[in-house]
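# What the coordinates show
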Amino acid sequence: KISTISELSGILKSKEDEIFSLRSEVDAFEKKEITVTQEIDQLHEQNTTASNIISDLEAKLREESHKADFDRVLQLKNSESNALRTENFDLLESIKSLNDDIQNMKDTHQ
């Protein structure tokens, strides 16, 4: 009986250690998820800012087109808009990547 109790006690201790380790992993995952969520929020804000800048530039360029040579305005509009659209695309790709990372972490810990 004593050896059986001792064995069961050892198994119980091992399982408690395993549970503690898993809880630590879950805590670390939750902290990482919060960080990634904050990064996604920042990227959404940057994306919104870039979209607003594009809209402002397009509005300014429409005004400018009435005042200046059409070809010059069109060239300026295209270069600035394309640069901002590229930045927007890069931000969206980063958001997608972070979302994939979150999903992978969730899948790993389930």
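Right above here is the structure, for reference.
Residues numbered from 1 in each chain as written. Predicted model: local features only at pLDDT ≥ 70, side-chain atom pairs only at ≥ 80, totals over all residues. Heavy atoms only, no water.

## Topic: the overall build of the protein
Filter applied, for reference: Only DSSP runs of H or I covering at least 4 residues are called helices, and only runs of E covering at least 2 are called strands; the numbering of each starts at the N terminus. Throughout, the radius of gyration refers to the C-alpha atoms, and the reference size of a globule is 2.2 Å times the residue count to the power 0.38. The cut-offs for exposure are 20% and 50% of the maximum accessible area for each residue type, with area from a 1.4 Å probe on protein chains only; residues under the lower value are buried, those over the upper are exposed, and the others partly exposed. Contact criterion: two residues are considered in contact whenever any of their non-hydrogen atoms come within 4.5 Å of each other. The protein chains shown are the only cover counted for residues, whose accessible areas, like all others here, come from Shrake-Rupley with a 1.4 Å probe. When charges are counted, Lys and Arg are positive and Asp and Glu negative, with His and the chain ends excluded. The atom standing in for a charge is NZ when the residue is Lys, CZ when it is Arg, CG when it is Asp and CD when it is Glu.
On a plain count of helices and strands, the protein comes out with two helices and zero strands. Since a compact globule built from 110 residues should have a radius of gyration of about 13 Å, the 27 Å found for the protein marks it as more spread out than a globular shape. With respect to the three principal axes, the spread of C-alpha positions in the protein is 100 × 15 × 10 Å. Buried positions account for 17% of the 110 residues belonging to the protein. Contacts spanning at least 24 positions in sequence make up 79% of the contacts within the protein whose residues lie at least 6 apart. When the accessible surface of the protein is summed, it comes to about 8500 Å², and 53% of that surface belongs to carbon and sulfur atoms. Charge separation in the protein, taken as the distance between the mean sites of 14 positive and 24 negative side-chain charges, equals 2 Å.

## Here's the deal with the nonpolar core
Buried together is how nonpolar side chains tend to be arranged in soluble globular proteins. Defined as follows: By convention a nonpolar core is built from buried Ala, Val, Leu, Ile, Met, Phe, Trp, Tyr and Cys residues, the set being connected through side-chain atoms within 4.5 Å.
Phe29, Val36, Ile40, Leu43, Leu91, Ile95, Leu98, Ile102 and Met105 together form the largest nonpolar core, which totals nine residues. Elements that contribute at least two residues to this core include exactly α1 (2-67) and α2 (70-108). Counting residues per element, this core draws most heavily on α2, at five residues. Sequence-distant contacts of Leu91, defined by excluding residues within four places in its chain, comprise Leu43, Gln46 and Asn47.

So, to be careful, I would describe these as geometric facts and stop short of saying anything about function.
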